[in-house]
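# Commentary on secondary and tertiary structure
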Amino acid sequence: MTTTPQTMGQQFGRRSWAEPWKIKMVEPLTMIDRAGRERALTEAGFNTFLLKSDDVYIDLLTDSGTSAMSDRQWAGMMLGDEAYAGSRNFYHLEEAIQTYYGYKYIVPTHQGRGAEHLISQTVIKKGQYVPGNMYFTTTRLHQELAGGIFVDVIIDEAHDPINLHPFKGNIDLNKVEALIKREGADKIAYISVAGTVNMAGGQPVSMANIKALRELCDKHGIKIFLDATRMMENAFFIQEREEGYADKTIAQILKEFCSYTDGAWMSAKKDHLVNIGGWLAVNDWDIFEEIRNLVVVYEGLHTYGGLAGRDMEALAIGIAEAVKDDHIRSRIGQVRYLGELLTDWNVPIMMPVGGHAIFLDAKRFYPHLPQSVFPAQTLAAELYLDSGIRSMERGVVSAGRDPHTGDHYYPKLELTRLTIPRRVYTQAHMDVVAESVKAVFDQRESTRGLKMVYEPKYLRFFQARFERL
Ligand SMILES: Cc1ncc(COP(=O)(O)O)c(C=O)c1O
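Anyway, here's the lowdown on the structure attached to this text. On a predicted model such as this, the values are computed, not experimentally measured, just so you know.

The rules behind the values
Residues numbered from 1 in each chain as written. Predicted model: local features only at pLDDT ≥ 70, side-chain atom pairs only at ≥ 80, totals over all residues. Heavy atoms only, no water. Axes fitted to C-alpha atoms, helices over the stretch in contact; angles between N-to-C directions. Helix = DSSP H or I, 4+ residues; strand = E, 2+ residues; numbered from the N terminus. Parallel < 35°, antiparallel > 145°, perpendicular 65-115°, else oblique. Left-handed = near helix turned anticlockwise from the far one by under 90°. Contact = heavy atoms within 4.5 Å. Nonpolar A, V, L, I, M, F, W, Y, C, P; charged D, E, K, R; others polar. Patch = residues over 30% accessible without salt bridge, like charges linked within 9 Å, V, L, I, M, F, W, Y side chains within 5 Å. Areas by Shrake-Rupley, 256 points an atom, 1.4 Å probe, with all protein chains shown as cover. Salt bridge = Lys/Arg side-chain N within 4 Å of Asp/Glu carboxyl O. Buried < 20%, exposed > 50% of the residue type's maximum accessible area, 1.4 Å probe, protein only. Near = heavy atom within 4 Å. Polar contact = N/O pair within 3.5 Å; in protein donor to acceptor, adjacent residues only side chain to side chain. Pairing = 2+ DSSP bridges.

Quick look at the packing of helix α4 (residues 88-101) against helix α12 (residues 309-322) now. α12 packs onto α4 with a crossing angle of 25° between their chain directions and a minimal axis gap of 8 Å. In terms of axis orientation, α4 runs roughly parallel to α12. At the point where α4 passes α12, the crossing takes the left-handed sense. Together, Asn-89, Phe-90, His-92, Leu-93, Ala-96, Ile-97, Tyr-100 and Tyr-101 of α4 and Gly-309, Arg-310, Met-312, Glu-313, Leu-315, Ala-316, Ile-319 and Ala-320 of α12 make up the contact between the two elements. In terms of residue class, the contact of α4 with α12 is built from 11 nonpolar, 3 polar and 2 charged.

Together, Val-296, Val-297 and Tyr-298 make up a nonpolar patch on the protein surface, roughly 300 Å² of accessible area in all. Position of Val-297 among the secondary structure elements: in helix α11 (residues 285-298). Note on Val-297: relative accessible area 59%, which makes it exposed.

In the region of the ligand, 13 residues are neighbours, and Gln-111, Arg-113, Asp-227, Ser-267 and Lys-270 sit closest. Here an oxygen atom of the ligand and a side-chain polar atom of Gln-111 are 2.8 Å apart. Here a nitrogen atom of the ligand sits 2.6 Å away from a polar atom, N or O, in the side chain of Asp-227. When the ligand sits alone it has 390 Å² of accessible area, and the protein chains cover 95% of it. The dominant element in the shell around the ligand, judged by the number of residues it contributes, is helix α5 (residues 112-123), at 3 residues.

Moving on, we get to helix α9 (residues 231-241). Extensive coverage of α9 is indicated by the burial of 9 of its 11 residues. Of all the residues in α9, the buried ones are Met-231, Met-232, Glu-233, Asn-234, Ala-235, Phe-236, Phe-237, Ile-238 and Gln-239. Close packing links the buried residues of α9 with α4, α8 (207-220), β6 (224-227), α10 (250-259), α12 and α13 (325-344).

Spatially, β9-β12-β11 is the arrangement adopted by the 3 strands of the open sheet, whose pairing is antiparallel. Of all strands in the sheet, those bounded by a partner on one side alone are β9 (357-361) and β11 (392-394). Sheet twist, expressed as the average angle between the axes of neighbouring strands with direction ignored, equals 35°. Sheet topology places β11 next to strand β12 (residues 415-419); 3 bridges connect them, and they run antiparallel. In the strand pairing of β12, Glu-393 is matched with Thr-416. Lying on the sheet, α13 is in contact with β9 and β12; it crosses β9 at an angle near 25°.

This is the structure:
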């Protein structure tokens, strides 16, 4: 018996959507055979960060710096004003950030961690606490290098991969209040809020939560700094899920959210549709003065901060493109499509599906593997072997070690991240990815774990090496 083919929208019982762009230039992909992938993975020490990209078929390692730029952005690259000081592209960038985020003072940085370094060195005093809605690898490291002590104050639901809370990125205000009570407000450097929360699966923070946090912080004179890396995606979830925001644009929601914070750092390689770049923005002149001075030491003059003029132009144009409602809708729609396929086949993933990636829940995927044999790292390796798809670990390897005890951090979440670059892959690529995940899932019982045979001191997930057990 033959069945009538259905469009994807029909299969999911909704009207189909499509990307708000068409393809003008393509980059050919190749796929090496299984023996070649075995060789490549062994040479890479079972760490997908150490694979050569030529050996990768579909690259879902990260959404960072992997976006396709538009024809407008490429045209903007030709308008680079490569003056050492006062490049006109800097002023375009400054204006775009002021317009869409609403902050007053801006310095560019080469990427997000450059900005994290500057803000941490400027506002953290040794021994102060930095409460945040779950850690991010580079963010926490810079906070610790500046002498800060990170404290996780995200709501408990965020640590549970099957809890369907609509705003799993929310800050637990009781946890913040308890810390203030115990340590005193002057022992808190600032509250570090990320929207969305990468390590929690790209989960959003609600507007009500940031507003309430603002009120609490105002009572105690504590500043709030935002990791705005995927804040446009966060705005989409507010528009979709929070009462009173359905008729507001992403741009309006973004600006309102930022208005409850004192500044932000940004890895422009994500939301902003560029391959390199970042910035730091604050509203306080004194903090800005310090940052503007420090940026010269570590990044470059305050009107380029490690970026070429052409990069700043592409970034300024990218901000205006990325904040458009139809762009974000299709971006998150594609991520969700992959998530819907996998949940339909009972593959365990972090729920609800977040903004930038599907996070496979390695603890439920491989219930027979304890965290000490790195199940999420193992899953990333198996997926690559199956089909040349590159993903990455977000579990015990990424969590690193407690600097005081030297023990592994054992995070509750042990995840393998399939990160979707913006405007790069098609629905057909998502189908191939889903089928490969399913194939690896079907062989799960015979999979063994890994042992770590080389461990770098900082951010070990980038360069650690493993062997099969
Ligand atoms: C939430 C978040 N913050 C900060 C960063 C650091 O940015 P970059 O990689 O540009 O240094 C990243 C990068 O992955 C991120 O996801």
